[in-house]
Protein chains: 2
Amino acid sequence: MNFQQLRIIRETLRRDFNLTDVAAALSTSQPGVSKHIKDLEDELGIEIFERRGKRFLGLTAAGKEIATVVERILLDASNIRQIADQFASRDEGTLIIATTHTQARYVLPDIVKRFKDTYPRVHLTLHQGSPREISNLVAAGEADIAIATEALDVSEIVTFPCYTWHHAVIVPEGHPLCQEVSITLEQLAAYPIITYQEGFTGRGLIDKTFAKAGLAPDIVLSAIDADVIKTYVEVGLGIGIIASMAYSPQRDRNLRMLDTHQLFPINTTRLGIRRGHYLRDYAFHLVEMLAPRLKGAAIRAALNRDG
Amino acid sequence: MNFQQLRIIRETLRRDFNLTDVAAALSTSQPGVSKHIKDLEDELGIEIFERRGKRFLGLTAAGKEIATVVERILLDASNIRQIADQFASRDEGTLIIATTHTQARYVLPDIVKRFKDTYPRVHLTLHQGSPREISNLVAAGEADIAIATEALDVSEIVTFPCYTWHHAVIVPEGHPLCQEVSITLEQLAAYPIITYQEGFTGRGLIDKTFAKAGLAPDIVLSAIDADVIKTYVEVGLGIGIIASMAYSPQRDRNLRMLDTHQLFPINTTRLGIRRGHYLRDYAFHLVEMLAPRLKGAAIRAALNRDG
DNA sequence: GATGCTTACGATACCCGTAAAGATA
DNA sequence: TATCTTTACGGGTATCGTAAGCATC
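Note that this is a predicted model, so its numbers are computed, not measured. (Residues numbered from 1 in each chain as written. Chains lettered and ligands numbered in written order. Predicted model: local features only at pLDDT ≥ 70, side-chain atom pairs only at ≥ 80, totals over all residues. Heavy atoms only, no water.)

J.: Honestly, the overall build of chain A in this entry has me stumped. Any pointers?
T.: Within chain A, the secondary structure is distributed over 11 helices and 12 strands. Dimensions of chain A, computed from the C-alpha atoms along their principal axes, are close to 75 × 50 × 30 Å. Restricting the contact set of chain A to residue pairs at least 6 apart, pairs at least 24 apart contribute 73%. As displayed, chain A offers around 14,400 Å² of accessible surface, 50% of which is attributable to carbon and sulfur atoms. (Helix = DSSP H or I, 4+ residues; strand = E, 2+ residues; numbered from the N terminus. Contact = heavy atoms within 4.5 Å. Areas by Shrake-Rupley, 256 points an atom, 1.4 Å probe, with all protein chains shown as cover.)

J.: Teacher, can you tell me more about the protein's contact with DNA strand D here?
T.: Around DNA strand D sit 21 residues, and of these A:Thr28, A:His36, B:Gln30, B:Ser34 and B:Lys54 come closest. Protein-proximal atoms of DNA strand D, defined as those within 4 Å of the protein, fall in sugar or phosphate at a share of 67%. Measuring from a phosphate oxygen of DNA strand D, one finds a side-chain N or O atom of B:Thr20 at 3.0 Å. For the surface near DNA strand D, the secondary-structure elements that each account for two or more residues are helix H3 (30-44) of chain A together with helix H2 (19-25), helix H3 (30-44) and strand S2 (55-59) of chain B. No other element matches H3(B), which puts four residues into the surface near DNA strand D. When the residues that make up the surface near DNA strand D are grouped by side-chain class, the tally is five nonpolar, 10 polar and six charged. (Near = heavy atom within 4 Å. Polar contact = N/O pair within 3.5 Å; in protein donor to acceptor, adjacent residues only side chain to side chain. Nonpolar A, V, L, I, M, F, W, Y, C, P; charged D, E, K, R; others polar.)

J.: I keep staring at the relation of the copies chain B and chain A and nothing clicks. Help me out?
T.: One copy of the chain maps onto the second through a rotation about an axis and a displacement along it. In screw terms, the move from chain B to chain A is a rotation of 180° and a rise of 0.1 Å along the axis, fitting with an RMSD of 0.2 Å. In the structure described here, the two chain copies are related by an operation that fits a two-fold rotation axis. (Least-squares fit on C-alpha atoms with pLDDT ≥ 70 in both.)

J.: Would you mind going over the interface of chain B and chain A with me for this structure?
T.: Quite often, the size of an interface is put as the accessible area lost when its parts meet. Facing 30 residues of chain B, the contacting portion of chain A comprises 30 residues. Taking both partners together, chain B and chain A bury about 2,600 Å²; carbon and sulfur atoms supply 72% of that area. Three residues, B:Met1, B:Phe3 and B:Ile80, lead the burial of chain B against chain A; their summed loss comes to 23% of the area buried on that side. Linking chain B to chain A there are four salt bridges. (Buried area = accessible area lost by both parts, 1.4 Å probe. Salt bridge = Lys/Arg side-chain N within 4 Å of Asp/Glu carboxyl O.)

J.: Help me understand the domain arrangement of chain A, please; the structure alone is not making it clear to me.
T.: Per the domain assignment, the segments of chain A are domain 1 (3-84), domain 2 (89-164 + 268-304) and domain 3 (167-265). Inter-centroid distance (C-alpha atoms) of domain 1 of chain A to domain 3 of chain A is 48 Å. (Domains from an automatic or database assignment.)

J.: Even after reading the chapter, I still don't get the sheet that holds strand S4 (residues 122-128) of chain B, so can you show me in this structure?
T.: Sheets are built from strands paired through backbone hydrogen bonds, the pairs being either parallel or antiparallel. Residues and elements named next belong to chain B. Ordered in space as S4-S3-S5-S12-S6, the five strands form an open sheet in which the pairing is mixed. The outermost strands of the open sheet, each flanked by one partner alone, are S4 and strand S6 (157-165). Between one strand axis and the next, the sheet turns through 20° on average, direction left out of account. Examined bridge by bridge, strand S5 (residues 145-148) and strand S12 (residues 267-274) share three bridges and lie antiparallel to one another. Pairing of alanine 148 across the sheet is with arginine 270, part of S12. Lying over the sheet, helix H11 (residues 296-304) contacts S6 and S12, oriented at roughly 140° with respect to S6. (Pairing = 2+ DSSP bridges. Axes fitted to C-alpha atoms, helices over the stretch in contact; angles between N-to-C directions.)

J.: Would you mind going over the protein's contact with DNA strand C with me for this structure?
T.: Taken together, 21 residues lie near DNA strand C, and A:Gln30, A:Ser34, A:Lys54, B:Thr28 and B:His36 sit nearest. Secondary-structure elements contributing two or more residues to the surface near DNA strand C are helix H2 (19-25), H3 and strand S2 (55-59) of chain A together with H3 of chain B. Element by element, the count of residues in the surface near DNA strand C is highest for H3(A), at four residues.

J.: Would you explain unusual backbone geometry in this entry?
T.: One can expect most non-glycine residues to show negative phi and most peptide bonds to be in trans. Look at A:Ala151: it is not a glycine, yet its phi comes out positive at around 65°. When you line up the elements, A:Ala151 lands in the loop between strand S5 (145-148) and strand S6 (157-165). Of note in this structure, B:Thr201 is not a glycine but carries a positive phi near 45°. Position of B:Thr201 among the secondary structure elements: in the loop between strand S8 (192-196) and helix H8 (203-212).

J.: Looking at this structure, I do not really get the packing of aromatic side chains. What am I missing?
T.: Aromatic rings considered in pairs are described by the distance between their centres and by the relative angle of their planes. All names here are of chain A. All chains considered together, the criterion is met by 13 aromatic pairs over all chains. Look at phenylalanine 17 and phenylalanine 49: their rings are 6.0 Å apart centre to centre, the planes differ by 80°, and that puts the pair in the edge-to-face class. Taken together, the positions of phenylalanine 17 in the loop between helix H1 (3-14) and H2 and phenylalanine 49 in strand S1 (residues 49-52) put the pair 32 residues apart, joining distant regions of the chain. On the basis of relative accessibility, which here comes to 17%, the residue phenylalanine 17 falls in the buried class. Taken together, a centroid distance of 6.0 Å and an interplanar angle of 70° make the contact between phenylalanine 210 and phenylalanine 264 edge-to-face. Here phenylalanine 264 lies in the loop between strand S11 (255-258) and strand S12 (267-274) and phenylalanine 210 lies in helix H8 (residues 203-212), a separation of 54 residues in the sequence. For phenylalanine 210, a relative accessible area of 1% gives the class buried. Members of the aromatic cluster, joined through ring pairs, are Phe17, Phe49 and Phe56. (Phe/Tyr/Trp six-rings, centres within 6.5 Å; stacked < 30°, edge-to-face > 60°. Buried < 20%, exposed > 50% of the residue type's maximum accessible area, 1.4 Å probe, protein only.)

J.: Before we go on, may I ask you to explain a nonpolar patch on the surface in this structure?
T.: Residue and element names in this part refer to chain A. The grouping of Val220, Val228, Tyr232, Val235 and Leu237 at the surface amounts to a nonpolar patch, some 390 Å² of accessible area in total. Mapping leucine 237 onto the fold places it in the loop between helix H9 (226-234) and strand S10 (239-243). In this structure leucine 237 comes out as partly exposed when scored by relative accessible area, which is 36%. (Patch = residues over 30% accessible without salt bridge, like charges linked within 9 Å, V, L, I, M, F, W, Y side chains within 5 Å.)

J.: Hey, could you run me through the environment of B:Thr12 in this one?
T.: Residue and element names in this part refer to chain B. Inspection of the secondary structure puts threonine 12 in helix H1 (residues 3-14). For threonine 12, a relative accessible area of 0% puts it in the buried group. Excluding its chain neighbours within four sequence positions, the residues that come into contact with threonine 12 are Phe17, Leu19, Val22, Ile37 and Phe49.

J.: I tried to follow the pattern of salt bridges on my own but got confused; where do I start?
T.: In the structure shown here, the tally under the stated rule is 33 salt bridges over all chains. Across the salt bridge formed by A:Arg105 and A:Asp227, the nearest N and O atoms sit 2.5 Å from each other. Highlighted residues: A:Arg105 in helix H5 (residues 101-118) and A:Asp227 in helix H9, separated in sequence by 122 residues. Linking B:Arg256 and B:Glu173 is a salt bridge whose minimum nitrogen-to-oxygen distance equals 2.7 Å. With B:Arg256 in strand S11 (residues 255-258) and B:Glu173 in the loop between strand S7 (167-172) and helix H7 (185-189), the pair connects residues that are 83 residues apart, well separated along the chain. You can call B:Glu173 partly exposed: its relative accessible area is 45%.

Here's what the structure looks like:
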């Protein structure tokens with residue numbers, strides 16, 4: 001048994017049992033991949049993969065149990081490298097954050113700037129994606145930290161509350177709703193609405209809120225990001241519901257944000273880290289910038305629980 | 001990084017940083033060991049071991065963190081082999097039990113017989129040793145299951161209650177205590193006493209019981225096993241305090257066991273398994289024979305908690 | 001016929017063991 | 001001086017990549 005064999009097992013799962021893809025992903029030859037699998041199966045005396053003829057279809061029962069252990073070994077192997085890097089150069093290295101448009105555009109810029117100032121020698125990478133994509137990146141160990149409001153509840157990932165926020169309503173300058181002192185859901189539902197797509201930035205809670213009130217709002221456009229929403233609110237397609245931090249009086253001069261704190265429930269943006277993943281000290285500092293309440297030691301402990 | 005390097009790291013800790021011993025233990029050459037360590041340190045860019053000149057003294061700070069991960073990787077590697085064996089041949093394999101004299105001599109024979117009948121193709125090995133030795137064997141992964149009343153409370157080992165028992169007093173036929181209806185600690189303390197050594201078969205509880213009653217018993221002989229104790233009770237050196245299951249009316253015709261249930265607190269014999277260790281199905285059956293209350297699924301869950 | 005896996009084979013690199021030298025107690 | 005580690009070197013093996021062959025879709 002060697003690490004290359006284990007890497008091949010893992011990659012075979014990720015590449016949907018196509019050994020040609022596996023070879024490409026690990027930048028080696030396809031026959032080599034075949035042989036490694038065969039060698040390992042021979043050594044263990046069992047078949048790890050289900051086959052029809054020469055095609056690979058999936059895992060055997062034994063393969064399923066082995067796969068989880070293989071994942072853990074490879075995670076630990078990368079942890080050893082992380083630990084070494086940590087001691088070799090405390091303030092130098094890489095950090096990959098996977099996050100959504102909302103965070104990347106409206107929340108992270110300040111924090112990233114502070115982080116870069118503190119750790120100029122850390123190579124910080126941001127990966128933007130849908131909550132689901134983010135979640136997969138972190139679960140696969142391809143990103144260190146996920147920051148999102150949705151879709152982080154998978155078993156491989158430990159999440160921590162980061163900060164809370166509310167949805168707000170935006171309307172064009174001079175819109176009738178600007179006159180109202182206290183706005184109700186019924187009033188909102190009377191207008192065409194532009195907001196996030198299902199699965200993005202708390203859309204689920206918006207739907208639930210209207211449904212609970214027995215209202216069927218007319219969603220004329222669902223977008224992935226607040227910039228698109230604002231654009232169409234400006235042209236008068238409807239009123240917008242966005243995360244409040246996406247509104248800035250300076251930038252959005254043609255728009256008004258209405259106080260609707262009481263209408264929609266609280267959203268919690270969470271950060272997610274892969275269970276068992278070793279994080280560099282500077283990563284914990286970033287986490288503390290994001291959520292001052294969270295302490296490095298507590299996070300380390302949570303990451304190693306229930307391995 | 002490869003597995004041989006990791007094995008060498010682990011063995012270096014176990015052999016107290018003597019590379020010559022490490023080479024012998026892994027049956028390879030000492031220069032090879034040196035080179036592997038150097039190669040790994042170069043690859044990681046840090047020193048794992050503290051050195052004075054050419055001598056190895058201990059782990060560096062980085063080495064300490066890495067060592068725990070190395071342990072886990074090697075444990076998982078052996079788990080993969082176990083899983084493979086499990087699927088290759090469900091009722092065939094090996095099982096190593098580490099236990100004390102008391103268990104091996106008076107409790108396990110029946111269970112071992114039943115187990116051998118059920119699983120004739122499993123190679124069952126018993127390792128007898130002191131509680132401390134047993135504990136080390138299981139923690140090092142050299143035995144699968146520990147069975148003992150003492151010394152299993154180390155962090156690497158998960159323990160489960162197995163069964164409970166009491167200490168009993170044995171005296172030679174015709175001893176004055178045989179006349180007494182209800183015996184007190186004071187009466188016992190009036191005679192010379194023969195019992196277990198410190199750290200064996202509940203000796204600690206015996207001492208505590210007398211101390212609590214303000215008594216200072218005269219321990220004229222401390223032995224490791226009940227057979228030695230019984231021998232000296234027979235020759236009249238004193239009265240014996242042993243685990244009740246060590247007495248058999250048939251075998252021990254020259255001795256009488258006195259009912260002292262109420263005098264000494266309950267002892268619990270526990271079984272211990274290394275945290276994260278994968279056990280074969282037949283091992284769980286043995287556990288169920290030892291403690292019918294314990295269920296395989298619950299044990300598997302406990303072994304994987306708090307990795 | 002296109003895609004995907006296995007077998008065959010030669011070059012390379014890695015790993016191991018022996019021998020000798022150097023450091024430490 | 002005895003013990004222990006490092007350096008140096010040669011032989012063997014494992015790994016890798018290319019090329020060809022064969023199954024599956």
